[in-house]
Amino acid sequence: MRLISAIVMLLAAVSVGAATRVDSLREAIYSPAPFKKPIVIAHRGDWRSGTENSLRAIRRCIDMGVDIVELDIAMTRDSVLVLMHDETIDRTTTGSGRVSDYTLEQLKEFNLRSPIGVVTRQKIPTFKEALALCRGRLLVQVDKWPHFRERLLKEAAEAGCLDHIILRSSWSSLRKNKEIGALPREVIYIPVLVCKGDGDDERLDDFLANFDTPVISFSFRHTDYHVLRRIKEVRDKGYHVWLNSLWSTFNGGHDDELAYENPAEAYGWLIDMGADMIFTDHPALLVDYLTNDLKQNN
């Protein structure tokens, strides 16, 4: 089913014009064939080297060859989606208060801050501004999405980017169907198995049986959870596996921080575990490893 979907999408892209990088990424994700190297997902853009959820952070991702950018959304008082991780703007801008208390025009008066609090010349982007930059270049994994689902889908459709959108949650199939029902077929939905020990196998069985998805994500504080032994089974069934390198609670310590000293024990370990996609806070470091170190080791 996923392979057929990929072929249909590719033919549709060719029929209306040259296939974009996003078309190629979607084709690869929907195909059960292994990737030549893992897909790189950048958390909040390249935010450790710039300003999180900014257009500049997205541009850096495009320039370095990242495949997917993760962005957070919030809604203004006049119902416009903007990029913002927190409910308030205190931490990342020169303003203060809740996003929902401001109109877009008012929010544009503030400047974004760097990760260490330095005031920049950058402004809070709208979701549509981000999509315009990503269009044809990057897939977009949207976080903080459930409450804004209808608006998100509407703005993505208006921007011609509905097929760029990736949504994730750790919900069971029962809860997902209850909370939001069906999503447009263009949207890639990825269930996340947050490993806890008890009940992990049952949750994974639910994902495999009830979600029409090309990808399953695993998050784990410890590496000895029994369900992690089933990653090979998941891949053998034609799914791709999304693992995180953000920080140690997501990967049993095989994280970006370790990658600075021992990338083989961080990124290499995740790949050996079965990672087809890696979610990172340091995309430049991961891209360099996949381009140089991994090639030399192979």
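Residues numbered from 1 in each chain as written. Predicted model: local features only at pLDDT ≥ 70, side-chain atom pairs only at ≥ 80, totals over all residues. Heavy atoms only, no water.

According to UniProt, the positions carrying the feature "domain: GP-PDE" (unreviewed entry) are residues 38-290. Across residues 38-290, helical content stands at 32% and strand content at 19%; the span's end C-alpha atoms are separated by 8 Å. (UniProt positions renumbered as here; feature names shortened; annotations may be inferred. Helix = DSSP H or I, 4+ residues; strand = E, 2+ residues; numbered from the N terminus.)

The buried fraction of strand β5 (residues 165-169) amounts to 5 of the 5 residues, a majority that puts the element mostly inside the structure. Where burial is concerned, the two faces of β5 agree: the one with Ile165, Leu167 and Ser169 and the one with Ile166 and Arg168 are both buried. With 3 bridges joining them, strand β4 (residues 139-143) and β5 adopt parallel strand pairing. Across the sheet, valine 142 pairs through a bridge with leucine 167, a residue of β5. Taking the sense of rotation as the criterion, the β-α-β connection linking β4, helix α6 (residues 149-158) and β5 turns out right-handed. Where β5 and strand β6 (residues 188-194) come together, 4 bridges link them in parallel fashion. In the sheet register, arginine 168 faces β6, and the bridge partner there is isoleucine 190. This β-α-β element, β5 to helix α7 (residues 173-179) to β6, shows right-handed connectivity. (Buried < 20%, exposed > 50% of the residue type's maximum accessible area, 1.4 Å probe, protein only. Pairing = 2+ DSSP bridges. Right-handed = clockwise from strand over helix to strand, strands pointing away.)

Moving on to the side chain of serine 217. Take serine 217: it is sitting in strand β7 (residues 215-219). Polar contacts involving the side chain of serine 217 include one to the side chain of arginine 168, which spans 3.0 Å. (Polar contact = N/O pair within 3.5 Å; in protein donor to acceptor, adjacent residues only side chain to side chain.)

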